[in-house]
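Per-entry structural report
Here are the chains, one letter per residue:
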Amino acid sequence: MNIAAMILLPIGAVFILVAALIFNSRKKKQMRCTYKTTAIINDIDRFGRSYNNRRRNYGVYEYEYNGTVYRKRSYVGTSLSPEIGRMRDAYVNPEKPEECIIEGWVSALAGGLFLGFGILFIALAVLFLVIHYTIL
């Protein structure tokens, strides 16, 4: 068997497995977080350093549920400052209001990237196998 295919095939399978876990985890969280509200960036958390020695800026969201205000820091930091006052849809878990999903493009991107790279690696492995066996 082709060595490149032997390496790419399991890597692709692992990437697809990780994508499935991300999608499944997100789906379960969506089932729990059913109360729709609005989250607003009201602060910026400057934390750590990136590869180019610049601080990472994380938006701190505030949302309200049942008269209580909750704060949640974004999972993704950027070198640019998030826009204070920016609003996003948020879905809160009524049984555990600290848990919420704040809608944005990053949350959907992670699983899609793992799935895309997994498919790419498996396709390359198949291509190498086809080339290997047609040459022989």
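The paragraphs below set out a description of the structure included in this document. (Residues numbered from 1 in each chain as written. Predicted model: local features only at pLDDT ≥ 70, side-chain atom pairs only at ≥ 80, totals over all residues. Heavy atoms only, no water.)

For the rest of this paragraph, the subject is the environment of I7. With respect to the helices and strands, I7 occurs in helix α1 (residues 3-32). The class of I7 is partly exposed, set by a relative accessible area of 46%. Sequence separation between I7 and L109 is 102 residues, and the spatial gap between their C-alpha atoms is 25 Å. (Helix = DSSP H or I, 4+ residues; strand = E, 2+ residues; numbered from the N terminus. Buried < 20%, exposed > 50% of the residue type's maximum accessible area, 1.4 Å probe, protein only.)

A few words now on the side chain of E99. Among the structural elements, E99 can be located in strand β5 (residues 96-102). Here E99 is in contact with K29, R32, C33, Y63, Y91, V92 and N93, once residues within four sequence places are set aside. (Contact = heavy atoms within 4.5 Å.)

Here the focus is the packing of aromatic side chains. Enumeration over the complete set of coordinates arrives at six aromatic pairs. On the basis of an interplanar angle of 90° and a centroid distance of 5.4 Å, the ring pair of F15 and F121 is categorised as edge-to-face. One end of the pair, F15, is in helix α1; the other, F121, is in helix α2 (residues 105-135), with 106 residues separating them in the sequence. Through a chain of ring-to-ring contacts, the aromatic side chains of F15, F114, F117 and F121 assemble into a single cluster. (Phe/Tyr/Trp six-rings, centres within 6.5 Å; stacked < 30°, edge-to-face > 60°.)

This part is about the pairing of strand β4 (residues 87-93). With four bridges joining them, β4 and β5 adopt antiparallel strand pairing. Each bridged residue has a counterpart across the sheet, and for N93 the counterpart in β5 is K96. The hairpin formed by β4 and β5 contains two residues between the paired strands. (Pairing = 2+ DSSP bridges.)

Attention now moves to the pattern of salt bridges. Evaluation of the coordinates by the stated rule reveals six salt bridges. Put simply, R26 and E103 hold a salt bridge, and the shortest N to O gap is 3.5 Å. Here E103 lies in the loop between β5 and α2 and R26 lies in helix α1, a separation of 77 residues in the sequence. With a closest N to O distance of 3.3 Å, R73 and D45 form a salt bridge. Of the two residues, R73 sits in strand β3 (residues 68-73) while D45 sits in strand β1 (residues 35-49), which places them 28 residues apart along the sequence. According to the relative accessible area criterion, R73 is partly exposed, its value standing at 34%. Residue D45 is classed as partly exposed on the basis of its relative accessible area, which comes to 26%. Connected through salt bridges with shared partners, the residues D43, E62 and R71 form a single ionic network. (Salt bridge = Lys/Arg side-chain N within 4 Å of Asp/Glu carboxyl O.)

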